[in-house]
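What the coordinates show
So the chains spell out like this:
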Amino acid sequence: MTGVRVGVAVLAVATLASGCAQGERPAGESRPAAGQEAAGRPAQARPPMSSAERLRAEQTARVAAARKWGLKRVPLTAPPAPAKKPVITTRDGFEVDDHEELGLPPVFTTVPTKEKVVFLTIDDGAEKDPAFLRMMSELKIPYTAFLSDYLVKEDYGYFKKMQDAGVVLNNHTLHHPYLPGLSYQRQKREICGMQDVIQKHYGKRPLLFRPPFGNYNGDTLRAAKACGVKYAPLWDEEVFVDHWEYREWDRDLHPGDIVLSHFRGRDDWKGTMPDMVRRFLNMVTEKGYAVGRLEDYL
């Protein structure tokens, strides 16, 4: 009997030892809540990705996004922003009286660069397509927005999501009027009023202004300057869902060209904003161009 008692005691000690090894805790120590058993164990730190690994991961994501959104090719990666910004001047023939002497915002359609890069700009704010935001974010395509309050006020939040994704929101007037037909004071109300709207809802007064329809006069640019505008970019090409339009006789892209489109959908086009982006990217990629961020060059 003594041998049996000793055996039982040994077995009990072994069982206790086994129980502690499997996570049982001494008396008085509480057990962690369900799902938290490993909380106290140090997690194995994952080694940081090397530059080569990061580039491969980014490229893999770009390939997957291009396939998802139906592109013919993966968009090209834009070159780094220039360390020294190009000098922006008004395009010949686009000046107003005393343009340079008064220090008025330059009016331009192309950014001076030798890089094969173009810039996508989108006007007004009528269409608010969530798929467009997803597409541009997943493809990592930069663009610049020029907003008119009478359209964006229906959903300021949509454009806040755009801003949160890194898009700069700029001025396209309050009501999108034909500015040369207005007095200086009325033009100033349209431009400064939109500066106020963007500052109120998005926290910063824009430096870029695009006149509606691309029409302006000396009063327009004087008013824009008084409202804090530094640049008045127009465009060299315009892209729609089903076609392109060109300013130049050669009907082609050029390094530094600014491309215009609009926030439009099936109510106005034979397609959606993602359809427009698809046409835009297929063309520029086929011609060997990347899409840059306009503000990086200004």
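A short tour of the structure in this document, coming up. (Residues numbered from 1 in each chain as written. Predicted model: local features only at pLDDT ≥ 70, side-chain atom pairs only at ≥ 80, totals over all residues. Heavy atoms only, no water.)

**Side note on the packing of helix α6 (residues 184-202) against helix α7 (residues 218-226)**
- Between α6 and α7, the shortest axis-to-axis distance is 9 Å and the interhelical angle comes to 45°. Classified by the angle their axes make, α6 and α7 are oblique. The crossing of α6 and α7 is right-handed. Here Tyr-184, Gln-187, Lys-188 and Ile-191 of α6 come into contact with α7, specifically with Asp-219, Thr-220, Arg-222, Ala-223, Ala-224 and Ala-226.
- Per-class residue counts for the contact of α6 with α7 are five nonpolar, two polar and three charged. (Axes fitted to C-alpha atoms, helices over the stretch in contact; angles between N-to-C directions. Helix = DSSP H or I, 4+ residues; strand = E, 2+ residues; numbered from the N terminus. Parallel < 35°, antiparallel > 145°, perpendicular 65-115°, else oblique. Left-handed = near helix turned anticlockwise from the far one by under 90°. Contact = heavy atoms within 4.5 Å. Nonpolar A, V, L, I, M, F, W, Y, C, P; charged D, E, K, R; others polar.)

**Description of unusual backbone geometry**
- Despite not being glycine, Asp-124 has its phi angle at roughly 85°, a positive value.
- Its place among the elements puts Asp-124 in strand β2 (residues 117-124).
- Owing to a relative accessible area of 2%, Asp-124 belongs among the buried residues under this scheme.
- Notably, Thr-173 is not glycine yet its phi reads approximately 75°, a positive angle.
- Tracing the backbone through its elements, the reader meets Thr-173 in the loop between β4 (168-171) and α6.
- According to the relative accessible area criterion, Thr-173 is buried, its value standing at 0%. (Buried < 20%, exposed > 50% of the residue type's maximum accessible area, 1.4 Å probe, protein only.)

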